Amino acid sequence: MLSKKLHDALNEQINAELWSAYLYLSMSMDAEAKGLKGVANWFFVQFQEEQDHARILMNYINSRDAKVELKPIAEVRTEWTSPLDMFKDTLEHEKVVTSMINNLASIAAEDKDFASANMLVWFVDEQVEEEESARDMITACEAVEGNKFGLYTLDKELAARVYQQASPLAANNA
C-alpha cells in the first residue's frame, strides 16, 4: 500500500510529466512554425516520451490499488527565439524534474516502500539521460550558432530521431 505522502507525490509527478509533454509539444509546434522540421521532430519525440513517463506512473499507482488523480495542466510557453533557447529551457526543466524524481525516491526510502523505490530507479536513470541529452543539444546548437548551413545540417540530423516506447511500457506490451 502506498503512503498518502507518496501517493500524492506520485500523482503530482504524473501532472509534471504531462506538463512536460505539453511543453515539448509546444516547442515542437514553435520549431515547425519556424521551418525547423528536425528540431520539431526532436521535441515531438520528447512529447511522446513524457506521455510514456506519465503512463508508467499511472500503471504503477493502479497496480498498487490506489487512485490516479489527474489534475489540470498549467499553461506553457509557446515561443522561443532559437533552438538553443529551447534546449536551454529543456535542460533547466529537466533539472527540476530530476529534483522531483529524487524527492519521490526519498519518500519511498522513508516509507521503506521497496517496491516503489525499485520502480523509481528507472526514472532516476532516465533523468540522467534526459539531462545529458539536453546538454548535448545545447553544445550542438552552440557549435552552429550564427551558421545557417550548420543549423540546416543539425536540423536534418534531428529529423532522424525516432520514438521508442519506454522500456517499462514495452515490457508490458510484449
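These lines cover the structure that appears in this document, whether it is placed above or below. The structure displayed is predicted, hence computed values, not measured ones.

Criteria and thresholds
Residue positions are given per chain, counting from 1 as you read along its sequence in written order. In keeping with the predicted nature of the model, local features appear solely for residues at pLDDT of at least 70, side-chain atom pairs appear and are counted solely at 80 or more, and the whole-chain, interface and lining totals rest on all residues. Excluding hydrogens and water, the side-chain figures rest on all heavy atoms present in the structure. For this analysis, a nonpolar core means a set of buried residues of the types Ala, Val, Leu, Ile, Met, Phe, Trp, Tyr and Cys, connected via side-chain atoms within 4.5 Å. Think of it in three bands: residues with accessible area under 20% of the maximum for their type are buried, residues over 50% are exposed, and the middle band is partly exposed, with areas taken using a 1.4 Å probe on protein chains only. The way it works is that DSSP assigns letters per residue, a run of H or I at least four long becomes a helix, a run of E at least two long becomes a strand, and they are numbered from the N terminus. Contacts between residues were defined by any pair of non-hydrogen atoms, one from each residue, lying within 4.5 Å. Put plainly, a pocket is an open set of points on a 1 Å grid over the protein atoms alone with protein on both sides within 12 Å along at least five of seven lines, a cavity is a set where a 1.4 Å probe fits but cannot get out, and a lining residue has an atom within 4 Å of a point. Grid points are joined across faces, edges and corners, and a volume is the space filled by probe spheres set on the points. Pairing of aromatic side chains here covers Phe, Tyr and the six-membered ring of Trp, requires ring centres within 6.5 Å, and sorts the geometry by plane angle: under 30 degrees stacked, over 60 edge-to-face, intermediate tilted. Counted as over-ring charges are cases with an Arg CZ or a Lys NZ within 6 Å of the ring centre that also lie within 35 degrees of the ring normal.

## A look at the nonpolar core
Then comes step 1: Ranked by internal contacts, the top residues of the largest apolar core, which has 24 residues, are M27, V39, F43, M86, F87 and L158.
Then comes step 2: Secondary structure elements with two or more residues in this core: α1 (4-33), α2 (37-63), α3 (83-111), α4 (114-144) and α5 (148-158).
Then comes step 3: Excluding anything up to four places from it in sequence, L158 contacts G38, V39, N41, W42, F87 and M137.
Then comes step 4: With 22 residues, the next largest nonpolar core counts A54, I56, I61 and M119 among its residues.

## Considerations on the layout of surface pockets
Then comes step 1: In this structure, the largest pocket occupies an estimated 170 Å³ of space.
Then comes step 2: Surrounding the largest pocket, S82, P83, L84, C141, V144, E145, G146, N147, K148 and L151 form its lining.

## Focus: the packing of aromatic side chains
Then comes step 1: Within this structure, the stated rule accounts for 7 aromatic pairs.
Then comes step 2: Aromatic pair W42 and F87: ring centres 4.9 Å apart, planes at 80 degrees, arrangement edge-to-face. Residue W42 is located in helix α2, and its partner F87 is located in helix α3; the two are separated by 45 residues in the primary sequence. Summarising the burial analysis for this pair, W42 and F87 share the class buried.
Then comes step 3: Here the aromatic cluster, defined as three or more aromatic residues joined through ring pairs, consists of Y24, W42, F43 and F87.
Then comes step 4: Taking the ring centre of W42 as reference, the NZ or CZ of R161 above it sits at 4.4 Å.

## Points about the environment of V121
Then comes step 1: Here V121 shows up in helix α4.
Then comes step 2: For V121, a relative accessible area of 44% corresponds to the partly exposed category.
Then comes step 3: When the C-alpha positions of V121 and N102 are compared, they lie 9.7 Å apart, and in sequence the two are 19 residues distant.

## Topic: unusual backbone geometry
Most peptide bonds adopt trans geometry, and most residues besides glycine take a negative phi value.
Then comes step 1: In this model, D65 sits at a positive phi of 60 degrees, which is unusual for a non-glycine residue.
Then comes step 2: Looking at where D65 falls in the secondary structure, it is placed in the loop between α2 and α3.
Then comes step 3: Here K112, not a glycine, exhibits a phi torsion of approximately 55 degrees, which is positive.
Then comes step 4: Counting through the fold element by element, K112 comes out in the loop between α3 and α4.

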